[in-house]
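Spelled out, the chains give:
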Amino acid sequence: MTPKHVRAKFVRRRRGRVLGRIAAWGDSLRESFYFFPLVLSVLAAVLAFVVIEVDHGLPADWIDRHPALRAADADGTRALLSAIVGSMITVTGVVFSITIVALTLTSQQFGPRLLRNFVRDRGNQLFLGTYVATFLYSLIVLRAVRQDSVPHLASALAVVLAIVSGFVLIWFVHHTATSIQASSIIATVAREIDAQLEHFDEVKGDVHDDACVDDETRASWPPSCREVRATETGYVRLVAIEELVESAAKYDAVFELTCRPGDFVASGACIARIHTARPLADDVLPDEVLEAILIGDQRTALQDLRFLLGQLVEIAVRALSPGINDPATAIACIERLGASLARLAQRSFEDTTHEGPDGRLRVVAPCADFAEHTGLAFDSIRHYGAGDTRVVLALLHAFEVALTATEDVVRRAILVGHVEEVRAAWLAAGNRSAHDEAAVSRAVRSALGPGSGSAA
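Residues numbered from 1 in each chain as written. Predicted model: local features only at pLDDT ≥ 70, side-chain atom pairs only at ≥ 80, totals over all residues. Heavy atoms only, no water.

Q: It is not clear to me how the overall build of the protein should be interpreted in this structure. Could you clarify?
A: Assigned secondary structure in the protein consists of 17 helices and 10 strands. Counting over 456 residues, the protein shows a buried share of 44%. Long-range pairs, those at least 24 residues apart, make up 79% of the contacts in the protein between residues at least 6 apart in sequence. In the form shown here, the protein has an accessible surface area of approximately 22800 Å², with 58% of it arising from carbon and sulfur atoms. (Helix = DSSP H or I, 4+ residues; strand = E, 2+ residues; numbered from the N terminus. Buried < 20%, exposed > 50% of the residue type's maximum accessible area, 1.4 Å probe, protein only. Contact = heavy atoms within 4.5 Å. Areas by Shrake-Rupley, 256 points an atom, 1.4 Å probe, with all protein chains shown as cover.)

Q: Can you walk me through the packing of helix 16 (residues 409–429) against helix 17 (residues 434–448) in this structure?
A: Two packed helices can be described by the angle between their axes and the distance between those axes. One can describe the packing of helix 16 onto helix 17 by two numbers: an axis separation of 10 Å at closest approach and a directional angle of 170 degrees. With respect to each other, helix 16 and helix 17 are oriented roughly antiparallel. Note on element contacts: helix 17 touches helix 16 through Asp-436, Glu-437, Val-440, Val-444, Ala-447 and Leu-448, opposite Val-416, Val-419, Glu-420, Arg-423 and Trp-426. Here the residues of the contact of helix 16 with helix 17 sort into seven nonpolar, no polar and four charged. (Axes fitted to C-alpha atoms, helices over the stretch in contact; angles between N-to-C directions. Parallel < 35°, antiparallel > 145°, perpendicular 65-115°, else oblique. Nonpolar A, V, L, I, M, F, W, Y, C, P; charged D, E, K, R; others polar.)

Q: Even after reading the chapter, I still don't get the packing of helix 14 (residues 370–385) against helix 16, so can you show me in this structure?
A: Between helix 14 and helix 16, the shortest axis-to-axis distance is 11 Å and the interhelical angle comes to 10 degrees. In terms of axis orientation, helix 14 runs roughly parallel to helix 16. Viewed along their axes, helix 14 and helix 16 form a crossing whose handedness is right-handed. Listed contacts from helix 16 to Phe-370, Ala-371, Thr-374, Gly-375, Asp-379 and Arg-382 of helix 14 are Arg-411, Ile-414, Leu-415, His-418, Glu-421, Val-422 and Ala-425. Partitioned by chemical class, the residues of the contact of helix 14 with helix 16 number six nonpolar, three polar and four charged. (Left-handed = near helix turned anticlockwise from the far one by under 90°.)

Q: How should I be thinking about the sheet that holds strand 4 (residues 254–257) in this particular structure?
A: In any sheet, the strands associate via hydrogen bonds between backbone groups, in a parallel or an antiparallel arrangement. Strands sit in the order 2-6-4-10-9 across an open sheet of five strands; the sheet is mixed. Looking at strand neighbours, the two that pair on one side only are strand 2 (224–229) and strand 9 (353–355), the edges of this open sheet. Across the sheet, the mean angle separating the axes of adjacent strands is 25 degrees when strand polarity is ignored. Against the sheet, helix 10 (residues 241–250) makes contact with strand 4, strand 9 and strand 10 (361–364), and its axis sits at roughly 140 degrees relative to strand 10, the strand it touches most. (Pairing = 2+ DSSP bridges.)

Q: Please explain the pattern of salt bridges as it appears in this structure.
A: Two side chains that carry opposite charge are able to pair once their charged atoms sit near each other. This structure, assessed with the given rule, holds 21 salt bridges. Between Arg-362 and Asp-252 there is a salt bridge, and its shortest N-O distance comes to 3.0 Å. Residue Arg-362 is located in strand 10, and its partner Asp-252 is located in the loop between helix 10 and strand 4; the two are separated by 110 residues in the primary sequence. On the basis of relative accessible area, Arg-362 is assigned to the buried category, the value being 2%. Notably, a salt bridge pairs Asp-304 with Arg-299, separated by 2.6 Å at the nearest N-O pair. Residue classification places Asp-304 among the buried positions, given a relative accessible area of 1%. Residue Arg-299 is classed as partly exposed on the basis of its relative accessible area of 24%. In this structure, a network of salt bridges that share partners links the residues Arg-260, Asp-263, Arg-299, Asp-304, Arg-306 and Glu-372. (Salt bridge = Lys/Arg side-chain N within 4 Å of Asp/Glu carboxyl O.)

Q: Explain the sheet that holds strand 3 (residues 234–239) to me, please; I cannot follow it from the model alone.
A: Within the open sheet, the three strands sit side by side as 5-3-7. Their pairing is antiparallel. Two strands close off the open sheet at either side, each with one partner strand: strand 5 (264–265) and strand 7 (293–296). Where strand 3 and strand 7 come together, four bridges link them in antiparallel fashion. By the bridge assignment for strand 7, Val-239 is matched with Ile-293. On the sheet, helix 11 (residues 284–292) packs against strand 3 and strand 7 and is oriented at approximately 55 degrees with respect to strand 7.

Encoded structure:
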């Protein structure tokens, strides 16, 4: 890589440094159920005070020229607003109680980690925000009603908000009934996978998935080594590579990370090693490393494609369990995984080694390669679904789709190996009919291509 290309790559990293932090902050807000409803509630409160002030500034006889906006006298307006206030908070509590029961039953079938999608769902946040905002608006307007001063405009707007809330309730019931269906849950996770794959570069030329650093490279690192240990227990949510490269270049050091996004680390565990020419005299560098590795209580999909693939695998494995016995859901997951694997086969992964602006190695960060992602996506499903011919045929078709999408020799060899493993697992399961044998044989030949000569 020429110095010009190295500088350009480093400039892109510097630009992505702040964006990475903003993305982590935004992802945390997205996973919080309260943020969007809180924003709507604050806007509703501000709107209430503004409309009340506008109402007081209007001429005294303006309501006579617009009789459709006249709610009633002071007592009638209070009764109307009180009814809106009571109904909003009551409906919100009842609907969410019923929804939580439905989600609890759904999570038993698809897995409790899928509840994360309910929290992140913007439609659910919109429903809660609409009802709480209408409740808060009406409450503030109710407080402004006087016997000699009725805010007719604000009261009319409260009625409009109540009507809108009624339509939102109808939409929310439909949205919830649709979103807890297996096909919708699977499609939602698959869309998240596709969105994350958009950040992967398309493969141009040969693919190199080797994540190892050879001994010759290690021998060139600075001799002094110090371990950085985690100060809290949890999952690695984000690794700010750009910040680490900048810090390592500033102190002429090499950072060797021992964790990656999605890994669980215990307090006191080694998460990185700092290689410097001289022993460190203070904790400045370890502190900078700790600041660049964000640890939280839950995994996030921000930099962790394995987390999203694991969600589809969990749905499929649960569907194949004897207690549920739903191969159709498992097949739907396999089809989505096959489509994602085909896109994954056309993408390059994050570099294991990262250079500074001077072209020298600064950060070594472990990352999952194509083989690991493929194994994560299909190993468990193959193990639990080998006895079901329909599941086996779906697996073989998924690998066929992925094999069609890539010409890379290494990745095709990985996929061919999985085809052979699926066939071997199916053969070991026994209870085969002649029809099943013929179907699996055709699927294997189709996946491996013409002239493969394979037969089940």
